[in-house]
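Each chain is listed here by its residues.
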Amino acid sequence: MTTELGHFALILALCVSLVQAVVPLVGASRGNLAWMAVGRNAALTEFGLVALAMLSLMHAYVTNDFSVINVIENSHTDKPLLYQITGVWGNHEGSMVLWVFMLGVCSSALALFSNNLPPQLRARVLSVQGMIAAGFLLFILLTSNPFLRTWPPAANGQGLNPVLQDPGLAFHPPFLYLGYVGFSVGFAFAVAALIEGRVDASWARWVRPWTLASWCFLTIGIAMGSWWAYYTLGWGGWWFWDPVENASFMPWLVGTALIHSSIVVEKRDTLKSWTILLAIITFSLSLVGTFLVRSGVLTSVHAFATDPRRGMFILLLLLVAIGGALTLYAIRAPALKGGGLFAPISREGALVLNNLILSCGCATVFLGTLYPLFLDAVGGPKLSVGFPFFNRTFAPLMVPMILAVGVGPLLSWKRGDLLGALQRVWAAYVAAAVAVLVAWSVTHRHEIFPVLGFGLAAWTGAAVIVEFAERVRLFRVGFGESVRRAIHLPRAAYGMTLAHFGLAVSIAGFSASAFDSQVIATVHDGSVLKLAGYELRFMGVERVPGPNFAGNRSTVEIIRSGRVVAVVHPEQRFFPVQQQTTSETAIRTNFLADLYVALGDGDAAGNWTLRAYWKPLVPWIWIGAIIMAFGGVVSLSDRRWRVGVAARARRRPVSVLQPAPGE
Amino acid sequence: MIAMRRLLYLVPLLLFAVLAGYFVLALRPGYDPHVLPSAMIDKEAPHFDLAGLDGKGLALTALKGSPVLINFFASWCVPCREEQPVLMRLANQEHVPLYGIDYKDQPEDAQKLLAEFGDPYRRVGLDPDGQVGLNFGVYGVPESYVLDSTGHIRKRFVGPLTAEEVNKELLPLLLALRK
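Residues numbered from 1 in each chain as written. Chains lettered and ligands numbered in written order. Predicted model: local features only at pLDDT ≥ 70, side-chain atom pairs only at ≥ 80, totals over all residues. Heavy atoms only, no water.

**Q** Which residues make up the overall build of chain B, and what values do they have?
**A** Within chain B one finds 6 helices and 7 strands. In terms of overall dimensions, chain B has a C-alpha envelope of 80 × 40 × 30 Å along the principal axes. Taken across its 179 residues, chain B has 46% of its residues classed as buried. Considering only intrachain contacts with a sequence separation of at least 6, the fraction spanning at least 24 residues in chain B is 71%. Working note: accessible area of chain B is about 9,200 Å², and carbon and sulfur atoms make up 59% of it. (Helix = DSSP H or I, 4+ residues; strand = E, 2+ residues; numbered from the N terminus. Buried < 20%, exposed > 50% of the residue type's maximum accessible area, 1.4 Å probe, protein only. Contact = heavy atoms within 4.5 Å. Areas by Shrake-Rupley, 256 points an atom, 1.4 Å probe, with all protein chains shown as cover.)

Quick look at the structure:
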């Protein structure tokens, strides 16, 4: 019964989203306020209906309703409750419902907090959101319906892929989707602005918080995904340049560019058509990612069950959404007039450089990801480019941008003094030189690029601190005065400092991964392995039953200078329902390095394969990402973006906008 | 000049159109990125005459007469160990004539592996420098090739054989070839 209710709610949501797509748009072009106002209630109703559908699907999972095909295919009575719930989005159909649910979250937040938007802009933005929702609801109902029943019901389900039964993976799709879908708001604003033919500083002021919030979610989502891959796949890698990973990384790169270019629109009223294009591309890449992941055109380790019919439908959706937006762009964007002029060496110039490099980086990832597809279309051999391609193209491309992160914020708007800025960050040269020397002498393998990576991280970190010190005029004025200045700095300035510092921390983590060491050996009770100054003593394996798996739990003592410093339990789990084995790695961290132990296969005689890795600074990768996202959140809490402030600012002439963080 | 400027704004749309064209091509029926076609399919298998692990050699000419499965493996290859139970089942329960080629490996190590995990092979040939693997077009171990009774390659499996591949593809193919 509840399942049919959910199905019905989803159909109703489609009808409401069509109303949301059409009525406010027509209202906006005719100047009919009542029609425009429909958008708000339609968005809220649509969200309510999708939420109902989501809940009824969850209900089917939690009550083990094995007459629903989706539940049979992805659940099992032995599965813990947590994974029965998260199993809802652990499959294609359910994850699409989550996608539309997150879109509803964005649309209704937009509907609720947009009272100060001009009614026409608001109506158009909500209408575009309605169109996107309608497209995806149609997709779910026609090709990926999770509410289909079968009769007679199955005795039990086939269970969820054991690899997905993990807290890290269970919670990363909601973050990731909130990130992807959040970019739809920027897209909707861009399309609405193109229809109106007007982009000004206040437009950027509305778009930026939405983009920033989505960016924070996406950052966390990507970091969680990478962390999950790190601890669960059992080989200690944290990024594989897999198509699915790249699908989330590309919107992140362009989204990062968008956050920066919208600052220029906001402060200097220029780079408008470029920013609009970025807003369109960011969401387009989210859509293309969805297509790549779900149509089966690329091989990937985490692919969903694929179906060409679905691929065709998403492709049509892409053609309408992206093709439509870019057509509108081609017609309307040439009329957008740029405002302020600026010299190449200036804050704007630095942000343009950032945009160029991030876009090129994204293009590289895009080419690398789609290369097999392009090559196949012209009859070339089947192959995919992996680590070597990305490491040789993407990494060097990012170097100038990371260098610019250090200096850019020190340049002033319009015309900057590069030489002066380069002199002011003298401390960063020292830090970079020290980091390179220390890394060179400490590491055994003298690899030049990772060592330079440390220098880059130190340069950025130090330059960020110098910039902050400059801003509060540390050591130039009294300490009390500096503290007073620090307190009065806008939150956005803190946000930038944190985000850039987080980047430096992550870069240090990336660079350090070249210096890990590992042992792989066949062990039996009492065997001792040596790794990076530690001794690992294998103490045997015991069988431990789990709720829906049988575990082989090993005990490994970690010994340093003759003393046991820790005992870890890497484990292997066998899931009888799926006949699949997963590896539960044991990771011991002191935040400077991880000791990573994974249990491999065993034989009847009690011999086991044990893999152990020592990974310096690897936790910094994710700590850096968290700092970056936290910087975004701090920036979001800036006074300028509180509800109502935008409207008040809009009534003032553009020239007296809030001072820039650097001024 | 203005027309030129307008054209510039068309570039994103045109690029997208090209991309969409590729996507349409990728969705054409029959396209499956998971299948690695072999240039050797339906061609005669490259000739080999290898020293064997137990003194008896392994030569292509000796395999002709009935369909066989050739499995490239190595002691240093972790996925090969995963594949071992599937191969054991093939040999013991399905009685598939399975021959191994020990790819870029030390004979002692291979001996140890087979002693430890069980030996599913009727005979194992040694390919220490990987020359035979190269002739077959092996990407990486494990890889398996189905040869018909005339010594022609009929099917290639990349990566460890799964139970599903065995049931749905390998066994039906062998059955068909025997007829």
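Right, picking up where we left off after that structure.
**Q** Pulling in residues and values, what's your account of a nonpolar patch on the surface?
**A** All names here are of chain A. A cluster of nonpolar side chains, contributed by Trp 426, Tyr 429, Val 430, Val 434, Val 438 and Val 442, occupies part of the molecular surface with about 610 Å² of accessible area. Among the secondary structure elements, Val 438 is positioned in helix H15 (residues 426–442). Assessed through its relative accessible area of 44%, Val 438 is described here as partly exposed. (Patch = residues over 30% accessible without salt bridge, like charges linked within 9 Å, V, L, I, M, F, W, Y side chains within 5 Å. Salt bridge = Lys/Arg side-chain N within 4 Å of Asp/Glu carboxyl O.)

**Q** So what about the sheet that holds strand S7 (residues 153–158) of chain B? Which residues, and what values?
**A** Residue and element names in this part refer to chain B. Read across the open sheet, the 5 strands follow the order S5-S4-S3-S6-S7; overall the sheet is mixed. Two strands close off the open sheet at either side, each with one partner strand: strand S5 (123–127) and S7. Shown here is a sheet whose adjacent strand axes are inclined to one another by a mean of 20 degrees, direction ignored. By the bridge criterion, 5 bridges tie strand S4 (residues 98–103) to S5 in an arrangement that is parallel. (Pairing = 2+ DSSP bridges. Axes fitted to C-alpha atoms, helices over the stretch in contact; angles between N-to-C directions.)

**Q** Describe the sheet that holds strand S8 (residues 586–589) of chain A, with residues and values.
**A** All names here are of chain A. In space, the 4 strands of this open sheet follow the order S1-S10-S9-S8, with antiparallel pairing throughout. Pairing within the sheet leaves two strands with one partner each, and these edge strands are strand S1 (517–523) and S8. Strand-to-strand, the axes of this sheet are offset by a mean angle of 15 degrees, without reference to chain direction. Here 8 bridges tie strand S9 (residues 593–602) to strand S10 (residues 608–616), and the two strands are oriented antiparallel to one another. Looking across to S10, one finds that Tyr 596 is bridged to Tyr 613. Where helix H8 (residues 201–232) meets the sheet, it contacts S8, S9 and S10, and its direction lies at approximately 50 degrees from that of S9.

**Q** Tell me about the packing of aromatic side chains, residues and numbers included.
**A** Applying the stated criterion to the full structure yields 32 aromatic pairs over all chains. Each residue in the set Trp 215, Trp 239, Trp 241, Phe 249, Trp 252, Phe 389, Phe 390 and Phe 394 of chain A is aromatic and connected to the rest through ring pairs, giving one cluster. One residue, Arg 560 of chain A, lies across the ring of Tyr 534 of chain A, its end atom 4.6 Å from the ring centre. Taking NZ or CZ as reference, Lys 155 of chain B lies 5.5 Å from the ring centre of Phe 157 of chain B, over its face. (Phe/Tyr/Trp six-rings, centres within 6.5 Å; stacked < 30°, edge-to-face > 60°. Lys NZ or Arg CZ within 6 Å of the ring centre and 35° of its normal.)

**Q** How would you sum up the environment of Met 628 of chain A? Please name residues and give values.
**A** Residue and element names in this part refer to chain A. Tracing the backbone shows Met 628 in helix H19 (residues 619–636). When the C-alpha atoms of Met 628 and Val 505 are compared, they prove to be 9.5 Å apart, with 123 residues separating the residues in sequence. Apart from residues lying up to four places away in sequence, Met 628 is in contact with Trp 215, Thr 219, Trp 252, Ala 499, Gly 502, Leu 503 and Ser 506.

**Q** Which residues make up the packing of helix H1 (residues 2–30) of chain A against helix H2 (residues 33–62) of chain A, and what are the values?
**A** The axes of two packed helices give the description: the angle between them and the distance between them. Residue and element names in this part refer to chain A. Interaxial distance between H1 and H2 falls to 8 Å at its minimum, and their mutual angle equals 165 degrees. Compared by their axis directions, H1 and H2 come out roughly antiparallel. For H1 against H2, the interelement crossing comes out left-handed. (Parallel < 35°, antiparallel > 145°, perpendicular 65-115°, else oblique. Left-handed = near helix turned anticlockwise from the far one by under 90°.)

**Q** So what's going on with H2 of chain A? Residues and values would help.
**A** Compared with an ideal rise of 1.5 Å per residue, which puts 30 residues at 44 Å, H2 of chain A spans 44 Å between its outermost C-alpha atoms and is within 8% of the ideal. A side-chain oxygen of the first residue of H2 of chain A lies 3.1 Å from the backbone nitrogen of Ala 34 of chain A; this N-cap is Asn 32 of chain A. (Expected span 1.5 Å × (residues − 1). Polar contact = N/O pair within 3.5 Å; in protein donor to acceptor, adjacent residues only side chain to side chain.)

**Q** Can you lay out the environment of Val 405 of chain A for me, pointing to particular residues and giving the numbers?
**A** Residue and element names in this part refer to chain A. Position of Val 405 relative to the elements: it lies in helix H13 (residues 387–407). With a relative accessible area of 11%, Val 405 lands in the buried category. Placed 54 residues apart in sequence, Val 405 and Leu 351 show a C-alpha to C-alpha distance of 9.3 Å. Among all residues touching Val 405, those that are not within four sequence positions of it are Thr 460, His 500 and Leu 503.

**Q** Kindly report on the state of the cysteines, identifying the contributing residues and their values.
**A** Residues and elements named next belong to chain A. What the rule picks out here adds up to 0 disulfides over all chains. We note that Cys 360 lacks a disulfide partner, and the nearest cysteine sulfur, in Cys 362, lies 9.8 Å from it. The partly exposed category is assigned to Cys 360, whose relative accessible area is 41%. (Disulfide = S-S within 2.5 Å.)

**Q** Just give me the short version of the pattern of salt bridges, but keep the residues and values in it.
**A** If the charged atoms of two oppositely charged side chains come close together, the side chains can form a pair. Residue and element names in this part refer to chain A. Under the counting rule described, the total for this entry stands at 24 salt bridges over all chains. For Arg 149, the salt bridge identified is with Asp 65, shortest N-O distance 3.1 Å. With Arg 149 in the loop between helix H6 (119–143) and helix H7 (167–196) and Asp 65 in the loop between H2 and helix H3 (69–74), the pair connects residues that are 84 residues apart, well separated along the chain. Residues joined by salt bridges that share partners form a network here, namely Glu 4, Asp 65 and Arg 149.

**Q** Tell me about the packing of H8 of chain A against helix H9 (residues 243–268) of chain A, and please be specific about residues and values.
**A** All names here are of chain A. Where H8 contacts H9, the two axes come as close as 9 Å, and the packing angle between them is 150 degrees. By the angle class used here, H8 and H9 are roughly antiparallel. Viewed along their axes, H8 and H9 form a crossing whose handedness is left-handed. Residues Ala 201, Ala 204, Arg 205, Arg 208, Thr 211, Leu 212, Trp 215, Leu 218, Thr 219 and Ile 222 of H8 lie in contact with H9, whose contacting residues are Ser 248, Phe 249, Pro 251, Trp 252, Gly 255, Thr 256, Leu 258, Ile 259, Ser 262, Ile 263, Val 265 and Glu 266. Classifying every residue of the contact of H8 with H9 by side-chain character gives 13 nonpolar, 6 polar and 3 charged. (Nonpolar A, V, L, I, M, F, W, Y, C, P; charged D, E, K, R; others polar.)

**Q** So what about the side chain of Arg 156 of chain B? Which residues, and what values?
**A** Relative to the helices and strands, Arg 156 of chain B resides in strand S7. A distance of 3.1 Å separates polar atoms of two side chains, one belonging to Arg 156 of chain B and the other to Glu 143 of chain B.

**Q** Account for the nonpolar core, with residues named and values stated.
**A** In this structure, Trp 99, Phe 189, Trp 203, Ile 276, Ile 280 and Leu 318 of chain A together with Phe 23 of chain B are the most contacted members of the largest nonpolar core, which totals 151 residues. Looking at this core, the element that brings in the most residues is H7 of chain A, giving 16 residues. Listed in part, the 44 residues of the second largest apolar core include Met 40, Ala 45, Ile 70 and Leu 161 of chain B. (Core = buried A, V, L, I, M, F, W, Y, C linked by side-chain atoms within 4.5 Å.)

**Q** Hey, could you go over the pairing of strand S3 (residues 534–545) of chain A for me, with residue numbers and the actual values?
**A** Residues and elements named next belong to chain A. Sheet topology places strand S2 (residues 528–531) next to S3; 4 bridges connect them, and they run antiparallel. Residue pairing for S3: Lys 530 is matched across the bridge by Glu 535. Hairpin connection, S2 to S3: the antiparallel pair is bridged by 2 residues, and Ala 532 has positive phi, about 45 degrees. Pairing of S3 with strand S4 (residues 550–560), which is carried by 9 bridges, proceeds in the antiparallel orientation. By the bridge assignment for S4, Phe 538 is matched with Val 556. Connecting S3 to the antiparallel partner S4 that follows it, the hairpin turn spans 4 residues.

**Q** So what about unusual backbone geometry? Which residues, and what values?
**A** Residues and elements named next belong to chain A. Residue Pro 152 is bonded to the preceding Trp 151 through a cis peptide linkage, with omega at 0 degrees. Tracing the backbone through its elements, the reader meets Pro 152 in the loop between H6 and H7. In this structure, Asn 64 takes a positive phi of about 55 degrees despite not being glycine. Within the element layout of this structure, Asn 64 appears in the loop between H2 and H3.

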